[in-house]
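Chain by chain, the residues run as shown.
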Amino acid sequence: MWRLRRAAVACEVCQSLVKHSSGIKGSLPLQKLHLVSRSIYHSRHPTLKFQRPQLRASFQQFSSLTNLPLRKLKLSPIKYGYQPRRNFWPARLASRLLKLRYLVLGSAVGGGYTAKKTFDQWKDMIPDLSDYKWIVPDIVWEIDEYIDFGHKLVSEVIGASDLLLLLGSPGETAFRATDHGSESDKHYKKGLLGELILLQQQIQEHEEEARRAAGQYSTSYAQQKRKVSDKEKIDQLQEELLHTQLKYQRILERLEKENKELRKLVLQKDDKGIHHRKLKKSLIDMYSEVLDVLSDYDASYNTQDHLPRVVVVGDQSAGKTSVLEMIAQARIFPRGSGEMMTRSPVKVTLSEGPHHVALFKDSSREFDLTKEEDLAALRHEIELRMRKNVKEGCTVSPETISLNVKGPGLQRMVLVDLPGVINTVTSGMAPDTKETIFNISKAYMQNPNAIILCIQDGSVDAERSIVTDLVSQMDPHGRRTIFVLTKVDLAEKNVASPSRIQQIIEGKLFPMKALGYFAVVTGKGNSSESIEAIKEYEEEFFQNSKLLKTSMLKAHQVTTRNLSLAVSDCFWKMVRESVEQQADSFKATRFNLETEWKNNYPRLRELDRNELFEKAKNEILDEVISLSQVTPKHWEEILQQSLWERVSTHVIENIYLPAAQTMNSGTFNTTVDIKLKQWTDKQLPNKAVEVAWETLQEEFSRFMTEPKGKEHDDIFDKLKEAVKEESIKRHKWNDFAEDSLRVIQHNALEDRSISDKQQWDAAIYFMEEALQARLKDTENAIENMIGPDWKKRWLYWKNRTQEQCVHNETKNELEKMLKCNEEHPAYLASDEITTVRKNLESRGVEVDPSLIKDTWHQVYRRHFLKTALTHCNLCRRGFYYYQRHFVDSELECNDVVLFWRIQRMLGITANTLRQQLTNTEVRRLEKNVKEVLEDFAEDSEKKVKLLTGKRVQLAEDLKKVREIQEKLDAFIEALHQEK
């Protein structure tokens, strides 16, 4: 009884001291304390009770355990010493009468003072976590709302031999809670979390009682020797505390693993019904889509895009990619020893799913991250996309690669892995590589809502870090920066003073500030290590590390798992705080764009670039179809005229003029047949096909560029021109057309029989037109040679040059010679050239023999054409003689027959080409146009180049802003529902 009353009085004094101690006012919320020291209670307080949490009727999909009965253990009471008793009752009575109240009061005051001193010492050792409470994820505080598995955890904890001493005396409940405390304390003491906290309380009570008992018995029984020193007891208690923490961590990890497996089964069950119902998008997928649309709309990453992202920055080879892989739980990035592997930003969206897979935004292929061959293919694909993004002459690119990673147990967030910051540009890099990387990093970090994950290599000297200065510039107050020290295992081995690591983690070594500091280990440096092996190595390292044992590092500051929980919690906190503000800003932008459109284009629809392209595509296909509606007569007229313009020079110069120099009709016909045969075999079919192809191009261009009146939209002109040029470039005429055409043309030219007078007259008309056109050309050439005549010189005040005067004198001399001999042959003899030159020299005109020949060619040509036209006029009446084969007649019209043969060949060739055009080539051209339009439709850069202008850009911006706003509203609605 005496000892019981003594303990009760001491406990009341302790309570009064704790309540009135400095630094604690009222009841302190548990979440503001360290995990190990959430509250301090005495195990022997009479009001301590264990309240079993109520069973939850609602089943949550990620719950994996049920309530298990709590087993009671009977533990032996703790005895701190032995006091021999004697039977001298007078002495005992005197002692009770004289010293009882003083001993009780002294013991109570001494025990209370010792308890207060011990409490102050432990409180000083606990860091102030009020600024870091966001690091502890919400799931830890809310876990009891979904999973009620406290009894199983208690059974696991009670089974540990090293904790039997903490569980109290026999007959009492193992875990008890006071009835005194705030409502918030009671809330956090329910379920698993409450039992874990009470477990930590027992550790505190055990230490406090040991200290108090040691103080009391050292006063009462000073003659007994201490078995262990105070320092050894403190070390022993710290060791027990560390073991308890690690056991608590392992229990949580095992339960979370079971929870993850159950969630995977639930998600797989939902996945089976994907074909029967529309699958609802996850919250993080909706947010990732918003960021993708924003990246397309805002390629320059200006200040309009303030949505949160986790930006991963660090020096080259500091371990950025390894940290990201640990968070994604897969080796998904290409790796290299010391060389730059991240050449463009990679946006990774982490979300929960039944299978651990990865897929790109613009691809439907899924990579199974549980298979090594798929992991290798994914790394290869990322490397190829990076190299494709990097332009020629550059080392890095600002273009972003978007990757989605899904898997059971992944923390939902969006991370952007940036190229590593370098200090020196090495050989093989572009000269502006360093500046480009700095600009890319600044562009992402200047977003005021971006969370900066600053990665620092712990194995190198802190003074060599570049990224910390860059982060300090972008976030000087450290309000959105999380610092991560990698390769701590190497740092512990190499660093001479371990306190230097403590200074880094406490933020005392670098000038930069941060919300939180973490230390992680991402493997032993072997690229073939699996994620599970790295996790085991990391856990084993920190379990045996002196950094934790000596309290240089806190338990919540280590392992990538704690880091991912903290980053995810900070990410969603930032999203909830900023997303509605961003939605409002896009609403204002949309209103401004709609007002501008109404003011500038009130009668036009808001068609974006893709819609305009579809409209232009339909117009172009309609115009191609219009080619098939061209009449056969129109085709043949165009083809015949174009073909004659192409071959007329050859016919006159190489066939008609040489044959006309012969002396009789037989020689003329023989010469004509030979030259026509040579022409047909070598040149004529090719020329005909070229003419047909050019005619098709001209007609196609005419339909494409012809204005359509009020319906014509000049915004399509560049696109139509590009489609026309590309289609013509791809179109090739049928290779067999020339062979068949050669036979047809040869047979047409072999025919010499003119059946009626109408054909005869048509041949004469055709011949006259051809000769008159050639005579006109010759007259123009002579005029250019000799200069203006006397009329033009008098009327237009024009003069001849010295060369033109020489040509004129030469022409006059040659015309005199032709008048003397009108049947002169086509070529001058050498003696005739000498005679002309001497005659000119006698008049003081110096001429060259080549000048005389050039002048003679034009003069004789004009003379010949005039003579041929006169002869053609005489042959109008020669059809009768032709039918009689010019027997008993001096008139010979073989040249008329030649032109009739040419005319007939042109008509037959035009008809053949027209049939080939309408039956084959127009359809092939239409097919080429469709292929070109399909290629242009897939080439966004081509569409941007061909469809330009203020109207197009305004419609594009308006469409993007509307899409962003709609997606943001849907995301905000889903975010509120999740709350």
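Residues numbered from 1 in each chain as written. Predicted model: local features only at pLDDT ≥ 70, side-chain atom pairs only at ≥ 80, totals over all residues. Heavy atoms only, no water.

An unreviewed UniProt entry lists the protein under the name Dynamin-like GTPase OPA1, mitochondrial, with Prolemur simus as the source organism. The Subunit (unreviewed entry) comment attached to the protein in UniProt states, word for word, "Oligomeric complex consisting of membrane-bound and soluble forms of OPA1. Interacts with RCC1L; RCC1L acts as a guanine nucleotide exchange factor (GEF) for OPA1 by exchanging bound GDP for free GTP. Interacts with CHCHD3 and IMMT; these interactions occur preferentially with soluble OPA1 forms. Interacts with PRELID1." Quoted straight from UniProt, the Catalytic activity (unreviewed entry) entry for the protein says "GTP + H2O = GDP + phosphate + H(+)". (UniProt positions renumbered as here; feature names shortened; annotations may be inferred.)

Attention now moves to the state of the cysteines. A covalent bond between the sulfur atoms of two cysteines is referred to as a disulfide. Throughout the structure, instances matching the rule amount to 1 disulfide. Note on cysteine connectivity: Cys875 is disulfide-linked to Cys893, with sulfurs 2.1 Å apart. Where Cys875 bonds to Cys893 through sulfur, the torsion about that S-S bond is close to -100°, and the disulfide is left-handed. On the criterion of sequence distance, the pair formed by Cys875 in the loop between helix H28 (849-874) and helix H29 (879-883) and Cys893 in the loop between H29 and helix H30 (894-938) is long-range, its members being 18 residues apart. Comparing Cys875 with Cys893 shows no difference in burial state: the two are buried. (Disulfide = S-S within 2.5 Å. Helix = DSSP H or I, 4+ residues; strand = E, 2+ residues; numbered from the N terminus. Buried < 20%, exposed > 50% of the residue type's maximum accessible area, 1.4 Å probe, protein only.)

Residues Glu399, Glu931, Glu934, Glu938, Asp939 and Glu941 make up a contiguous surface patch of negative charge. Considering each element in turn, the negative patch owes the most residues, 3 residues, to H30. (Patch = residues over 30% accessible without salt bridge, like charges linked within 9 Å, V, L, I, M, F, W, Y side chains within 5 Å. Areas by Shrake-Rupley, 256 points an atom, 1.4 Å probe, with all protein chains shown as cover. Salt bridge = Lys/Arg side-chain N within 4 Å of Asp/Glu carboxyl O. Lys, Arg positive; Asp, Glu negative; His and termini not counted. Charge placed at Lys NZ, Arg CZ, Asp CG, Glu CD.)

Right, let's get into unusual backbone geometry. The backbone of Gln329 sits at a positive phi, close to 60°, despite the residue not being glycine. Along the chain, the position of Gln329 falls in the loop between helix H9 (320-328) and strand E2 (346-351). We classify Gln329 as partly exposed; its relative accessible area is 23%. The phi angle at Thr559 is positive, at roughly 75°, despite the residue not being glycine. Position of Thr559 among the secondary structure elements: in the loop between helix H16 (546-549) and helix H17 (560-600).

A few words on the packing of helix H23 (residues 737-750) against H30. Where H23 meets H30, the axes come as close as 9 Å, and the angle between the chain directions of the two elements is 150°. It follows that H23 is roughly antiparallel to H30 by the angle criterion. The chirality of how H23 crosses H30 is right-handed. Only Arg901, Ile902, Arg904, Met905, Ile908, Thr909, Thr912, Leu913 and Gln916 of H30 make contact with H23, whose side of the interface consists of Ala737, Leu741, Ile744, Gln745, Ala748, Leu749 and Glu750. Each residue belonging to the contact of H23 with H30 can be placed in one class, and the counts come to 9 nonpolar, 4 polar and 3 charged. (Axes fitted to C-alpha atoms, helices over the stretch in contact; angles between N-to-C directions. Parallel < 35°, antiparallel > 145°, perpendicular 65-115°, else oblique. Left-handed = near helix turned anticlockwise from the far one by under 90°. Contact = heavy atoms within 4.5 Å. Nonpolar A, V, L, I, M, F, W, Y, C, P; charged D, E, K, R; others polar.)

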